[in-house]
Number of protein chains: 2
Amino acid sequence: MPTGYNGKILRVNLTTGVISEDTPPEIVYRMYMGGSALSSYFLLKEQKPGVDPLGPENKLLFMSSVISGAPLPGLTRYTVAARSPLTGAFGEAEAGGFFGPELKMAGFDGVIVEGRAAKPVYLWIKDGKAEIRDASRIWGKDTGEAERLIREELGDNRIRVAQCGPAGEKLVRYACVVNELKHANGRTGMGAVMGSKNLRAVAARGTTRLSFADPEKVREIGKKVLEILPTSVLAQNLKKFGTPMFVMPLNNSGILPTRNFQKGQFEGAEAICGEKMTDTILVKSEGCYACAVQCKRAVKVEGKYNATPEYGGPEYETVASLGSYCGIDNLAAIAQGNEMCNRYGLDTISVGVCIAFAMELVEKGILTRKDTDEIDLRFGNPDAMLAMIGKIARREGFGNLLAEGVQIAAQKIGKGAEKYAMHIKGQELPMHDPRGKQGLTLSYATSPTGADHIEAPHDTSFLTDGPALKAAKPAGVLEPVSALEMGPQKVRLFTHTQAIWNAFNSLGVCNFAAAPYTAFPLVSLAEAVEAITGWNTSLYELMELGERTVTLARMFNIREGLSSKDDYLPDRLYESLEAGTPREKKFTREDFAKILRLYYEAMGWDPQTGVPTQGRLSFLGLDWLIPKK
Amino acid sequence: MPTGYNGKILRVNLTTGVISEDTPPEIVYRMYMGGSALSSYFLLKEQKPGVDPLGPENKLLFMSSVISGAPLPGLTRYTVAARSPLTGAFGEAEAGGFFGPELKMAGFDGVIVEGRAAKPVYLWIKDGKAEIRDASRIWGKDTGEAERLIREELGDNRIRVAQCGPAGEKLVRYACVVNELKHANGRTGMGAVMGSKNLRAVAARGTTRLSFADPEKVREIGKKVLEILPTSVLAQNLKKFGTPMFVMPLNNSGILPTRNFQKGQFEGAEAICGEKMTDTILVKSEGCYACAVQCKRAVKVEGKYNATPEYGGPEYETVASLGSYCGIDNLAAIAQGNEMCNRYGLDTISVGVCIAFAMELVEKGILTRKDTDEIDLRFGNPDAMLAMIGKIARREGFGNLLAEGVQIAAQKIGKGAEKYAMHIKGQELPMHDPRGKQGLTLSYATSPTGADHIEAPHDTSFLTDGPALKAAKPAGVLEPVSALEMGPQKVRLFTHTQAIWNAFNSLGVCNFAAAPYTAFPLVSLAEAVEAITGWNTSLYELMELGERTVTLARMFNIREGLSSKDDYLPDRLYESLEAGTPREKKFTREDFAKILRLYYEAMGWDPQTGVPTQGRLSFLGLDWLIPKK
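Model, not experiment: these values are computed from the prediction. Residue positions are given per chain, counting from 1 as you read along its sequence in written order. All chains are assigned letters beginning at A, and all ligands numbers beginning at 1, according to the order in which they are written. A pLDDT threshold of at least 70 governs which residues receive local features in this predicted model, and a stricter bar of 80 or more applies before side-chain atom pairs are shown or counted, although totals over entire chains, interfaces and linings include all residues. No hydrogens and no water enter the side-chain calculation; it runs on all heavy atoms of the structure.

## Side note on the overall build of chain A
Condition: Put simply, DSSP H or I for four residues or longer makes a helix, DSSP E for two residues or longer makes a strand, and each gets a number counted from the N terminus. Using a 1.4 Å probe on the protein chains alone, a residue whose accessible area is under 20% of its type maximum counts as buried, one over 50% counts as exposed, and one in between counts as partly exposed. Should any heavy atoms of two residues lie within 4.5 Å, those residues are considered in contact. All accessibility values rest on the Shrake-Rupley procedure with a 1.4 Å probe; residue burial counts only the protein chains present in the view.
Helices and strands together make up the secondary structure of chain A, namely 24 helices and 16 strands. Taken along its principal axes, the extent of the C-alpha atoms in chain A is 65 × 55 × 55 Å. Counting across all 629 residues of chain A, residues that qualify as buried make up 69%. Long-range pairs, those at least 24 residues apart, make up 68% of the contacts in chain A between residues at least 6 apart in sequence. Accessible surface computed for chain A: about 19,800 Å², of which carbon and sulfur atoms make up 51%.

## Some points on the domain arrangement of chain A
Residue and element names in this part refer to chain A. What counts, and what does not: These domain boundaries are the output of an automatic or database domain assignment. The term polar contact refers here to a pair of N or O atoms within 3.5 Å; inside protein, the definition further demands a hydrogen-donor-capable atom paired with an acceptor-capable atom, and it admits residues adjacent in sequence only when both atoms are side-chain atoms. Amino acids outside the nonpolar list (Ala, Val, Leu, Ile, Met, Phe, Trp, Tyr, Cys, Pro) and the charged list (Asp, Glu, Lys, Arg) are all regarded as polar, and Gly is one of them.
If you check the domain split of chain A, you get domain 1 (9–205), domain 2 (244–426) and domain 3 (440–518 + 538–625). Computed over C-alpha atoms only, the centres of domain 2 and domain 3 are separated by 27 Å. Each partner contributes residues to the interface: domain 2 has 20 residues there, and domain 3 has 23 residues. Where domain 2 touches domain 3, the interface holds eight residue pairs in polar contact (both at pLDDT 80 or more). Those elements giving two or more residues to the side of domain 2 that touches domain 3 turn out to be α14 (348–363) and β15 (423–424). Residues that form the side of domain 2 that touches domain 3 fall into these classes: seven nonpolar, eight polar and five charged.

## Section: the sheet that holds strand β10 (residues 177–179) of chain A
All names here are of chain A. Selection criterion: Two strands form a pair only when DSSP identifies at least two bridges running between them. Only the stretch in contact is used when a helix axis is fitted, and all axes are lines through C-alpha atoms; the angle between N-to-C directions ranges over 0 to 180 degrees.
With mixed pairing, the six strands of this open sheet are ordered in space as β8-β7-β12-β9-β10-β11. Each edge of the open sheet carries a strand with a single partner, namely β8 (129–134) and β11 (183–185). The average angle at which neighbouring strand axes cross in this sheet is 20 degrees, direction not considered. In this structure, strand β7 (residues 121–126) lies alongside strand β12 (residues 199–205), joined through six bridges in parallel fashion. Bridge pairing in β12 links Lys126 to Arg205.

## Quick look at the interface of chain A and chain B
Note the threshold: By convention, the term buried area covers the 1.4 Å-probe accessible surface removed from two parts as they join, with the contributions of both added. One speaks of a salt bridge when a side-chain nitrogen belonging to Lys or Arg is within 4 Å of a carboxyl oxygen belonging to Asp or Glu.
The interface of chain A with chain B comprises 42 residues on the first partner and 42 residues on the second. Here chain A packs against chain B, burying approximately 3,200 Å² in sum over the two surfaces, 60% of which is carbon and sulfur. For the pair chain A and chain B, the number of links is two salt bridges. A salt bridge links Arg492 of chain A to Glu544 of chain B; the shortest N-O distance between them is 2.7 Å. Here chain A and chain B share 20 residue pairs in polar contact (both at pLDDT 80 or more) between them. Broken down by secondary-structure element, the contributors of at least two residues to the side of chain A that touches chain B are α1 (26–32), α19 (467–472), α20 (488–507), α21 (522–533), α22 (539–559), α23 (589–602) and α24 (614–619) of chain A.

## A closer look at the environment of Pro71 of chain B
All names here are of chain B. Position of Pro71 relative to the elements: it lies in the loop between β3 (60–63) and β4 (78–83). Placed 444 residues apart in sequence, Pro71 and Ala515 show a C-alpha to C-alpha distance of 18 Å. With residues near it in sequence (within four places) discarded, Pro71 still touches Phe212, Val218 and Ala290.

## Overview of the relation of the copies chain A and chain B
Here is the rule: Overlaid copies result from least-squares superposition on C-alpha atoms, with residues included only where pLDDT is at least 70 in both.
Mapping chain A onto chain B calls for a rotation angle of 180 degrees and an axial translation of 0.0 Å; the resulting RMSD is 0.0 Å. What the superposition gives is, in effect, a two-fold axis relating one chain to the other.

## Brief notes about unusual backbone geometry
For Arg259 of chain A, which is not a glycine, the phi torsion comes out positive at approximately 50 degrees. Phi is positive for Met33 of chain B, close to 65 degrees, though the residue is something other than glycine. By the secondary structure assignment, Met33 of chain B is in the loop between α1 (26–32) and α2 (35–46).

## Examining the side chain of Ser506 of chain B
All names here are of chain B. With respect to the element layout, Ser506 can be found in helix α20 (residues 488–507). There is a polar contact of 2.9 Å between the side chain of Ser506 and the backbone nitrogen of Ala37. Excluding anything up to four places from it in sequence, Ser506 contacts Tyr32, Met33, Gly34, Gly35, Ser36, Ala37, Ser65, Leu545 and Thr549.

Next comes the structure, spelled out in structure tokens:
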């Protein structure tokens, strides 16, 4: 088998217009592989601490991985990263679709964007060449129109476009990056960073066939995975109902976030669930590059509300954030809200949390109708929700305040509003209630990007010796752990599954395609890395990559001034749920401090400060991050 | 593939004569697998701290592993463990040969021996049944005679016998356990523990065919390994010259321990090296169960000195300890010394270190000829060396003092003798000088069993991107590291290779048959565990087993009162070597303190005390070791 991996990183300075190529040594690819880890590697190596997230000194990275573009299901995600304008911490979000593989086929493992263009531009990358082009014509246009204009201008309908949308242009702090109009690098405001650089889009087209160290083995793994897929109940349900399949189970367990985390059950859950979507507005199931799962939705709505299939359809997070979380049971309105977010380039989770926050402030009498531009911000009002999405994206009136995110908005509002601002490190909470899956407590509190639901798999999967546990065993997850357990066993489960998912975040592996959830066995994933790159590798190396990914991001945050004080839970999550609380006994701040310390220790971090020790940095090959005396 | 692993542990109480069987749950086998880890698991679970190592409360364990007995090269070693009479710490030593697989085929993964027999006995295990038998007839006999008598008494020449020899009966603190007269569980005095129980031997015979979850896959792996073997230069040299092949390279590098670590080059090296042995006294190359490497020696010497092939031949450690280390260049005498140690059941390393210690004391005028029973203990005197082996084994005169080990002997002698006692935690140093392979500094100082050369592979292997490095890459060892480097990169190398070798110590894998050295690829080893047990496992699990193995032993030692003070180097190792010193700059106590702290941190231990944190115990699934409040 030939060994060795070569890759190129495109470097674009928008201030100077200079475009160049980096060819990192193979060891850099092997240690960091792509995505999250390779991004934080470059940020830590190249960027000085404390830069303005929306200033020209913040670097913006688009990172594929060493395995991206291989014709295997679930390996298609890519990362956008920078210092986050939402949190001031490590900003990073992954998206599926086709952009990552296309970038690889266009000749690059990643793009590092520096500086700020004097006027709106987009970046055009084709077959190893790159060009900065004028974007005046598309500035201000919604994503669909912008994509159409770019393809028209370049004369190729197969160009893949990742763009920030009008919300990014307006520097909405949770503006996302969206590719193919429907796959979002959703979180941490990477769209705002793009907008701040006057970079509206990155367009890529590659006609180069990727070569692999052992193409026969790649085919063999693909065949094996495709044989396993039909045996996965989860994969089948994902195809049928998409990620909104989780609405009813979560509601039944009493942990479907409802009305700004006031409740865990929503009386309108059945009206917005995945089954209902399939029965009513679904046009077809879609998928990402080379994936057979087809969990993506394309929906169509006409009438009072409207949604067109080209913008896809709402994922679970969106159904919950614009639905139960805002008390809204109108699926058509949710579908329209989803489309609006994709048109504007807004993160649906943060949008929903911001709007529900405002709704609760109105309910509690902290805000009046006058404060909210006369919009009737009641829980359950779909028109108010839709109106606010537009106002936020355009930074109009009250929308301008919510465009800052709940943390800043609450500070500006005062009057005790902070109590209702559901965020950690400034990032709005995702649609999973840690009170019923306690592992999320650690996941939310310690995630370097702020509250995040894909820092580790949800611990409900490990209640029994079922398929998830079986699939995770090669990674050392050997025994069932209750979702309500919050002691050493949970720390063991969390650290191990966190390593798996963080390896995914660097490799660009989909959390639904690979273990613990469905069809791509972990050991086969290691074999795939070997067959693609030619490296003599193993799952051990991938697990270490996972820990390295977590540690790099934490080191970035420490450099930016974050500390253990930023590993916390919002007050509300210490309260009992009004409905359907599954928590057996009260979870106190002391309980949290205990588990946090155990987690720090498990990671080889200082038990008090949560700073990775010099020895553990050495273990991970990150001794270049040990502060020089 | 069928899953599940069942195994039985034989429990023998010699005080009461009660014999019983344990059937640990599968999770115990999966977490601990065998050997070192499974032994410390039982000791920590069952044995109270502080028992007299030579008293009836000390339990003695014979531990095979879940993969032992599979027809694959290099998986044949088994462990004998107990609290050590030499160190007071975790006592554990592995041996190859045929005993481990035989025990498995006789129906047991391990034997836990408790109590003390009123009179000499041996244990007879056949096909799932066990019996305590009278050993009066063999008590006091040398190993060859004892083995012959046992086989004769039981009427089966294929019985495998592991025994402590007369030195164990006499409670020599470094008495070993020897099987087939030539394979020794050499270190930490396990033979003395056996002797203290009046247990002279364990005889085993199994006619049961072992079954494997996926026998076809086991065959396939075996075939693959046998294809790789002939391509390994090391494996070929091991067959030709045995482990004494290392004499000349070490001498050439100036780190062949000579005259009690006074020098690193021996003028008589060529006369005792592996090539010389092959040219002169070698009768044949032999091997362990199912192994094709055949690195074991069988030698024959007649004349002034004598050695017979049935006792094998000296390994590298023995050639050095009885040779260069005592300044002796007579290979025939070394061969006789080796046979005497195997007949008496003495650890050749500790014997040589004790004798050379006495030789230096004579040289320095601390001991006189009168003190040494008129034996002419000069460096270079083979007859004095051979005489002392006999006196030590029989605890005669001056031999009775050296039978206590250099630590106790030096304390009793006083007059500054401690300066010349080359031990750590009470165990004599092996035949490798850390001054030329600095990784051994950590290996010797922190090994839970006291100074030990197989705590981790020697870092000289990782000087270049050669075969050792290539083989270790799946375990995260990615870059060449100089043997003289003593910073973060060495900590990374050491912790990773330590995990590999400690996994071997639990699985019973030979350090020469598997990576980093020769033919059994690490990932194939994980596949072998899967094929044999039916577990969906990976190299990740084996690496974690390695860390768990190290941690369990450390927890045992902490319980026995050891602390970071016991992680040290003898003073002499801070001095420059008189000849051939390869160390570039002086290695100071401050340098050692720094690297030790980095190592503690890398392991997730308290940086000051070296105690594993509660969080890291949780990570490893060892939270049952967290002290109860």
